[in-house]
Amino acid sequence: MTSLFALFVVSLSTFAAEISATAPGNLQWGGELRFAMRSDPKTFDPILSADQSSELLVRLQHGRLLRVNRKTRKYEGDLAESWKILEQGRKIVFQLRKDIRFSDGSALTAKDVVHTIRRVMDPSLNSPKSGAFRYEQGNVIAEALAGDRVAVTFPVVVPSIESEVGDLPMLSAKGDVKLGVGPFVLREYKAASHLKLVRNPYYWRLLSGRRLPQLDSLQIDIVANADMELERFRRGEIHLMESIDAISYDRLQKEMPRSVFDAGPSSDVEFLWFNQNPGSPLAPHKLAWFQSKHFRRAVSAAIRRDDINRLVFQGRATSSAGLMTPANKAWFKAGLKPHAFDLVEAKRLLQQDGFRLQGDVLLDRSNRPVEFSVITSANSKARSRMASLLQQDLKQIGIKITVATFDMPSLIERISRSQNYEVCLFGFVNAGSDPMSFLNMLLSTGPQHMWNPGQKTPATSWEAEIDKSMRAQSSTADFKKRHHAFERVQQILNDEAPVLFLSHRNALVAVASSLGNADPSVDFPRVLWNADRLVWSAR
Amino acid sequence: MIRILAISVLTVLALSALLAGFLTPYSYEAQDREAPSMAPSTKHLLGTDELGRDRFTRLLHGARVSLLLAPAAALLSLAIAVAIGLTAGVAGGPIEQTLSASADLFSSMPWLFLLLIVRAMLPLDVSAWASVGITFVLLGLLGWPGAMRVVRASTTAAKSEGFLLQARAMGIGGPRLWIRQFLPTLRPVLLAQFWISIPLYILTEANLGILGLGVSEPMPSWGNLLFELSGHREVVDSPWLLAPAACLVAALLAMQGLSKSESNPART
């Protein structure tokens with residue numbers, strides 16, 4: 001559950017684009033880039049990083065074997081020159097590039113890669129990245145082969161084998177976790193104040209024969225308050241903001257129109273679901289409502305998603321049709337549409353299930369008024385507003401909802417353990433980009449199968465079909481087969497509506513207009529993914 | 001003059017809160033989604049919020065919660081403080097030490113967890129008024145130790161005061177001495193504690209929203225209306241957003257003016 005409900009970071013990066021979205025003239029090597037992080041990094045050990053601050057530092061200091069091209073979303077070589085998937089997805093062999101050096105000048109070898117993988121698997125470290133390397137069927141074997149090659153063999157077929165191994169930050173076998181092959185090296189860290197990173201003199205990537213990165217240093221200030229960060233950006237004290245809210249975006253757009261970027265729908269997704277767990281303390285008549293597809297679709301048809309996008313996210317959001325954002329071109333099912341607002345259809349569906357309106361109140365077959373509570377997180381202003389909009393929307397079909405807000409741990413406890421709730425309004429930040437990220441959520445046996453977790457056998461035929469498709473996509477590395485199976489899953493989720501997807505908020509960033517080669521993307525990190533190419537225009 | 005002004009301000013605020021339903025044509029929860037974040041106009045005196053709700057209506061309804069329940073909670077904590085502080089001060093010795101230590105212990109307890117437990121125990125469909133009522137009762141029950149120390153210290157210091165010795169000489173003793181003769185002398189201290197507690201409770205109620213306690217959407221309170229300002233960067237461009245703060249300040253000044261005039265009638 002934690003992996004989905006926490007702010008987990010999607011491992012994606014790619015080669016820098018030669019041409020950038022913002023390329024001011026007279027680019028000049030050198031200089032310092034300043035920006036802010038919300039909190040201190042919790043660790044400098046790349047294998048243990050899970051929080052966003054640590055993960056950002058890892059990306060600036062450490063290299064990976066593969067990275068995702070942010071345009072095509074396909075993997076391409078980074079520290080690995082080439083790679084080959086063997087044994088139907090059980091084994092992957094990487095050919096390392098030559099002349100790649102750590103920040104102390106020592107060469108990256110196949111032994112370092114093997115050391116990294118073994119360290120991830122070390123049970124005493126309990127690395128958050130170790131999940132993909134633990135199998136009941138046997139151990140993962142990493143071997144250094146002749147000719148700077150590395151082979152990693154899994155005991156089972158791993159559909160996302162490229163990302164599982166290719167996306168690990170590489171460490172030196174010397175054991176110093178601060179040694180990296182990335183563009184920058186940590187020079188100074190003062191807790192709760194700032195970090196300073198300087199260029200890695202041995203960074204391997206070249207531009208016109210000159211060793212990148214183009215910037216001399218990065219100054220990262222710890223600024224916990226988003227308003228303060230915005231003010232510092234407005235004053236020119238920091239040069240970029242990896243993420244801003246829609247209100248700040250609109251304000252900056254008026255003041256500094258060349259400094260804001262809307263990269264489009266992000267992988268953040270807002271949704272609600274109905275508790276369909278027969279073992280929960282839910283009243284039987286409410287369980288019957290929630291288990292009805294007509295009821296769920298009627299509620300969905302009464303929600304004005306456009307209003308949520310417009311009023312909660314200032315128009316900087318897109319109505320959601322499912323887990324995958326349309327920006328995820330590799331996995332989004334083309335043609336899948338968000339449920340349309342249609343009150344007539346909503347009432348028709350309710351009538352089919354025996355519901356009827358008496359005045360302004362919707363009654364079920366047993367003449368019980370249709371009322372339920374929606375739980376959500378208390379510290380999210382956006383969700384609080386969404387809940388207010390839902391209250392008014394559902395009033396139109398005679399449904400009364402009560403909003404109950406909880407601190408996050410209490411909310412998680414209710415939805416994952418006690419199951420003492422009726423409907424939950426929630427969201428994922430940086431939801432996964434590969435179907436494997438949603439395996440535990442979509443399989444009916446999964447502990448994170450939100451609406452009815454941990455089923456022994458699928459409660460419905462459509463859940464059985466989702467199980468079948470998810471298992472099919474998880475047992476092959478053939479992209480076409482996986483894609484076909486996951487398209488079916490997306491369609492079933494859309495049709496059966498166990499989860500009502502609401503909005504994908506847009507990825508909004510702010511970047512100083514004099515910073516060249518900034519090419520904001522929807523994935524984390526949105527601007528600093530090509531930190532080695534960022535460059536100042538001559539001032 | 002101050003007294004009249006203070007009474008006028010409080011009367012206007014109280015009447016506005018009570019007659020909110022007659023003073024504006026809107027409901028505090030009604031959303032005009034085609035008119036979000038509007039500037040003040042004749043239609044919406046204080047404009048509308050992000051969901052198109054009339055800010056003036058929400059301000060008036062918010063006053064009901066804040067002006068009624070925050071003083072009630074302040075009175076509750078003051079009553080507890082007087083009872084315990086007076087007992088400690090009068091009894092002295094081990095009883096005073098025990099009660100003082102209890103107050104210290106009470107202050108150091110992690111009450112956040114109690115609040116979380118209370119929230120967890122409330123039914124999911126608890127009404128907004130019940131939720132806010134419980135919140136203010138909790139605030140009242142938890143807020144006494146500070147005032148108790150003041151009362152205890154004042155009581156201890158007053159034991160050798162001339163007027164009490166004189167009263168004893170006249171045969172007045174026991175609870176009558178302390179309640180009838182001594183307690184009125186604490187009035188300025190108690191009033192000060194009372195005024196301090198009210199804004200504190202109003203803002204605490206808003207902060208408790210983070211735990212899911214307090215006034216929840218769509219019901220307004222001055223606390224949660226003020227809380228919106230914490231993330232609002234357009235106060236300079238939109239000064240009408242400060243209306244809840246202005247009302248709170250006006251109410252507090254009026255309450256303080258009234259208390260001063262009562263404690264020193266000659267100057268009014």
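The structure under discussion appears in the preceding block.
Residues numbered from 1 in each chain as written. Chains lettered and ligands numbered in written order. Predicted model: local features only at pLDDT ≥ 70, side-chain atom pairs only at ≥ 80, totals over all residues. Heavy atoms only, no water.

**Student:** Got a minute to help me understand the overall build of chain B in this structure?
**Tutor:** For chain B, the count of helices and strands is twelve helices and zero strands. Element order for chain B, N to C, with α for helix and β for strand: α-α-α-α-α-α-α-α-α-α-α-α. A total of about 13000 Å² of accessible surface is found on chain B, and carbon and sulfur atoms cover 70% of it. Looking at charge distribution, chain B has the averaged site of its 18 positive side-chain charges lying 14 Å from that of its 16 negative ones. (Helix = DSSP H or I, 4+ residues; strand = E, 2+ residues; numbered from the N terminus. Areas by Shrake-Rupley, 256 points an atom, 1.4 Å probe, with all protein chains shown as cover. Lys, Arg positive; Asp, Glu negative; His and termini not counted. Charge placed at Lys NZ, Arg CZ, Asp CG, Glu CD.)

**Student:** I keep staring at the sheet that holds strand 7 (residues 141–145) of chain A and nothing clicks. Help me out?
**Tutor:** Paired through their backbone hydrogen bonds, the strands of a sheet run either parallel or antiparallel. Residues and elements named next belong to chain A. One open sheet accounts for four strands, arranged 5-6-8-7; its pairing is antiparallel. Sheet topology places strand 5 (80–86) and strand 7 at the edges, where each strand pairs with a single neighbour. Averaged over all pairs of adjacent strands, the angle between strand axes in this sheet comes to 15°, irrespective of strand direction. Looking at chain direction, strand 7 and strand 8 (residues 149–153) are connected through five bridges and run antiparallel. Looking across to strand 8, one finds that A142 is bridged to V152. (Pairing = 2+ DSSP bridges. Axes fitted to C-alpha atoms, helices over the stretch in contact; angles between N-to-C directions.)

**Student:** Just to check I follow, could you spell out the packing of helix 5 (residues 111–121) of chain B against helix 6 (residues 128–142) of chain B for this structure?
**Tutor:** Axis angle and axis distance: for two packed helices, these are the angle between their axes and the distance between the axes, and together they describe the pair. All names here are of chain B. Relative orientation of the contacting elements helix 5 and helix 6 amounts to 155°, with a least axis distance of 12 Å. Between helix 5 and helix 6, the angle is such that the two are roughly antiparallel. As helix 5 runs across helix 6, the sense of the crossing is right-handed. Across the interface between the two elements, W111, L114, L115 and V118 of helix 5 pack against I134, L138 and L142 of helix 6. (Parallel < 35°, antiparallel > 145°, perpendicular 65-115°, else oblique. Left-handed = near helix turned anticlockwise from the far one by under 90°. Contact = heavy atoms within 4.5 Å.)

**Student:** Explain the pattern of salt bridges to me, please; I cannot follow it from the model alone.
**Tutor:** A side chain of one charge can pair with a side chain of the opposite charge when the charged atoms of the two come close. For the structure shown, the criterion picks out 41 salt bridges over all chains. Salt-bridge contacts for D167 of chain A lead to R64 of chain A; the nearest nitrogen and oxygen are separated by 3.3 Å. Of this pair, D167 of chain A sits in the loop between helix 4 (161–166) and strand 9 (184–190) while R64 of chain A sits in the loop between helix 2 (52–61) and strand 3 (66–68), placing them 103 residues apart in sequence. As far as burial versus exposure is concerned, D167 of chain A and R64 of chain A are alike and both buried. Between R235 of chain A and E237 of chain A there is a salt bridge, and its shortest N-O distance comes to 3.0 Å. Shared partners join several salt bridges into a network, and the residues in it are R304, D307, R310 and D393 of chain A together with R33 and E34 of chain B. (Salt bridge = Lys/Arg side-chain N within 4 Å of Asp/Glu carboxyl O. Buried < 20%, exposed > 50% of the residue type's maximum accessible area, 1.4 Å probe, protein only.)

**Student:** For this particular structure, what's the right way to read the interface of chain A and chain B?
**Tutor:** Interface size is commonly expressed as the accessible area that is lost once the parts come together. The partner chain B presents 28 residues to the 34 residues of chain A that form the contact. Across the chain A to chain B interface the summed buried area is about 2500 Å²; carbon plus sulfur atoms make up 46%. Our count for the contact surface shared by chain A and chain B stands at five salt bridges. The salt bridge partner of D393 of chain A is R33 of chain B, with a shortest N-O separation of 2.8 Å. (Buried area = accessible area lost by both parts, 1.4 Å probe.)

**Student:** What's the story with the nonpolar core in this structure? I'm lost.
**Tutor:** Where a protein is soluble and globular, its nonpolar side chains tend to be buried together. Formed by 64 residues in total, the largest nonpolar core has its most connected members in F136, I198 and W222 of chain B. Examining the composition of this core, we find that twelve residues originate from one element, helix 3 (residues 55–91) of chain B, more than from any other. Setting aside residues up to four positions removed in sequence, W222 of chain B forms contacts with L13, L59, G62, A63, S66, L67, I202, C247, L248 and A251 of chain B. In terms of nonpolar packing, the next biggest core, distinct from the first, is built from 41 residues, V374, L389, L425 and L502 of chain A among them. (Core = buried A, V, L, I, M, F, W, Y, C linked by side-chain atoms within 4.5 Å.)

**Student:** Would you mind going over empty space enclosed by the protein with me for this structure?
**Tutor:** Vacant regions in the atomic arrangement are exposed by a probe of water-molecule size rolled over the atoms. Scanning the entire structure with this criterion turns up five cavities of 30 Å³ or more. When its volume is computed, the largest cavity comes out at roughly 210 Å³. Forming the walls of the largest cavity are 20 residues, and the residues nearest its centre are R59, H62, R67, P183 and W529 of chain A. Grouping the amino acids of the lining of the largest cavity by side-chain chemistry returns nine nonpolar, five polar and six charged. The calculated volume of the second largest cavity comes to roughly 130 Å³. Along the walls of the second largest cavity sit twelve residues, with R55, L225, E228, L241 and P244 of chain B positioned nearest its centre. Contributions of two or more residues to the lining of the second largest cavity are made by helix 3, helix 11 (222–230) and helix 12 (243–263) of chain B. Counting residues per element, the lining of the second largest cavity draws most heavily on helix 11 of chain B, which supplies three residues. (1 Å grid on protein atoms, 1.4 Å probe; cavity = no way out; pocket = protein on both sides within 12 Å on 5 of 7 lines; lining within 4 Å. Points joined across faces, edges and corners; volume = space filled by probe spheres on them. Nonpolar A, V, L, I, M, F, W, Y, C, P; charged D, E, K, R; others polar.)

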